[in-house]
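Residues per chain, in single letters:
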Amino acid sequence: MTQWSKGKMILLSLALVGVMWLGAAAPARAITDTFELKATFKERCKENPRFVDPFTVKVSDGFTITFTRDDSNPTHLQATINTDGVSPDIDAIPLAGRAHFSNKTLSKVEFVVSGVNPGNPNHFLTLRGQGTVDRYGHLTKVAGTVFWQETTTYTIDKSTGAQSDPVECFSSGTFGAGKNLTWVPPPPPGTLRVTGAPSDVGGRFVTDKRLFNQQVHVVGAVIIWGEFHTGFPAHTETLLISILTDGTLGMLFTDTTVSISSSAVREWNFSCDNLPGCTGVTIDRLTGTLTFQNVVLVNSFNSTSTSTLAPITLNGILRFTPF
């Protein structure tokens, strides 16, 4: 197989890995998202002369909702609500259910979770909702409906705040997730030393966080770092990695020069089928670091010449959002 063909196969693998999941190559991880909770609902309590009371939970009330998913079983969803003791019943209920993607790009989910109070199985809580999944695999824009039964009190006198004796109450309404309290901004991308490259590529790959892209789905993960060189003609360097379910690591370093009338592409690639035993490459998902130690990338494609370019060598550390 020619270097050009190998390069094209690597490039195709890297493009397709967006629909492959990082499975056997790394241990399962729990993806946890804790949100500020807001809700509007109606409470129907036994012996309440008004029968129905409207209530609103504001972000300032300090309630939170936490969703947890696992790589090894991505459709299984767990959740808990923390009212900080305002409703001991709700605080005690562990929620579990299913989440399923509702679009082809795997960016939207629908879910249902429910549970009962371990100390009182007559008290339950059910959430049904929708959300989106960002490129790091975390939930965003979560909202839905809620229904539960608990033992609580209702207000007898609004002027004094006097409460009834504890009674059984049903409540239903809508909820929304506010700020994601567990979201962490992407870290500084990092810098690599590049040896053996043509002079216009330079000896350093200094990544720009504006060109950083990380795609994580339940079936795949791709990370891209980029560096833009100003001037005329300008050129962009990118480093793209993929990890397949069989433990294969794919890597492509591309230098693309674009002028008004033409463009030129040079590519170097690296592949290894034994992650985490790839010589010179270390990936730590918990800290979000990718370390290179004398990693040699071979030339796979040079659009302006039939000659083979010399290999390049990478040393240094790049960073990504842990996943």
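For the structure, check the block above.
Overview of the structure. Bear in mind that the values here come from a model prediction, so they are computed numbers and not experimental data.

Structural notes on the overall build of the protein
Scanning the protein from terminus to terminus reveals two helices and 21 strands. The buried share of the protein, reckoned over its 323 residues, is 44%. When contacts within the protein are restricted to residue pairs at least 6 apart in sequence, long-range pairs at least 24 apart make up 55% of them. Taken as a whole, the protein presents about 16200 Å² of accessible surface, with 58% of it coming from carbon and sulfur.

Things to note about the state of the cysteines
Summed over all chains, the structure comprises two disulfides. Across the disulfide from Cys-45 sits Cys-169; the S-S distance is 2.0 Å. Looking along the S-S bond of the Cys-45-Cys-169 disulfide, the torsion reads about 110 degrees, which is the right-handed sense. With Cys-45 in strand E1 (residues 30–45) and Cys-169 in strand E11 (residues 167–180), the pair connects residues that are 124 residues apart, well separated along the chain. Each member of the pair, Cys-45 as well as Cys-169, is classed as buried. Across the disulfide, Cys-272 is cross-linked to Cys-278 (sulfur-sulfur distance 2.3 Å). Taking the sign of the S-S torsion, about -100 degrees here, the bridge from Cys-272 to Cys-278 comes out left-handed. Neither Cys-272 nor Cys-278 differs from the other in exposure class; each is buried. Taking only the cysteines that form disulfides and numbering them from first to last, the protein has the pattern 1-2, 3-4.

Looking at the pattern of salt bridges
Per the counting criterion, the structure on display carries three salt bridges. Two residues, Asp-53 and Arg-50, come together in a salt bridge whose shortest N-O distance is 3.0 Å. Using a relative accessible area of 6% as the deciding quantity, one classes Asp-53 as buried. For Arg-266, the salt bridge identified is with Asp-255, shortest N-O distance 3.0 Å.

Details of the pairing of strand E2 (residues 52–57)
Sheet topology places E1 next to E2; six bridges connect them, and they run antiparallel. Residue Phe-41 lies in a different strand from E2, and its bridge partner there is Phe-55. What sits between E1 and E2 in their antiparallel hairpin is a turn of six residues, with Glu-47 showing a positive phi close to 75 degrees.

With respect to the nonpolar core
Within the largest apolar cluster, 31 residues are counted, with the highest numbers of intra-cluster contacts made by Trp-225, Leu-239, Met-251, Phe-292, Leu-297 and Leu-314. Looking at this core, the elements with two or more residues in it are strand E12 (190–195), strand E15 (220–229), strand E16 (234–243), strand E17 (249–258), strand E18 (263–272), strand E20 (289–302) and strand E21 (312–319). For this core, the leading source of residues is E20, giving four residues.

Focus on the side chain of Glu-150
Secondary-structure assignment places Glu-150 in strand E8 (residues 139–152). For Glu-150, which is buried and forms no salt bridge, the nearest opposite charge comes from Arg-44, at a distance of 11 Å. Engagement of the side chain of Glu-150 in a polar contact is seen with the side chain of Ser-87, the distance being 2.5 Å. Apart from the residues within four sequence positions on either side, Glu-150 is in contact with Glu-43, Ser-87, Asp-89, Ile-90, His-123, Val-167, Glu-168 and Cys-169.

Rules used throughout
Residues numbered from 1 in each chain as written. Predicted model: local features only at pLDDT ≥ 70, side-chain atom pairs only at ≥ 80, totals over all residues. Heavy atoms only, no water. Helix = DSSP H or I, 4+ residues; strand = E, 2+ residues; numbered from the N terminus. Buried < 20%, exposed > 50% of the residue type's maximum accessible area, 1.4 Å probe, protein only. Contact = heavy atoms within 4.5 Å. Areas by Shrake-Rupley, 256 points an atom, 1.4 Å probe, with all protein chains shown as cover. Disulfide = S-S within 2.5 Å. Salt bridge = Lys/Arg side-chain N within 4 Å of Asp/Glu carboxyl O. Pairing = 2+ DSSP bridges. Core = buried A, V, L, I, M, F, W, Y, C linked by side-chain atoms within 4.5 Å. Lys, Arg positive; Asp, Glu negative; His and termini not counted. Polar contact = N/O pair within 3.5 Å; in protein donor to acceptor, adjacent residues only side chain to side chain.

It is worth stressing that arrangement in space is one thing and function is another; only the former is reported here.
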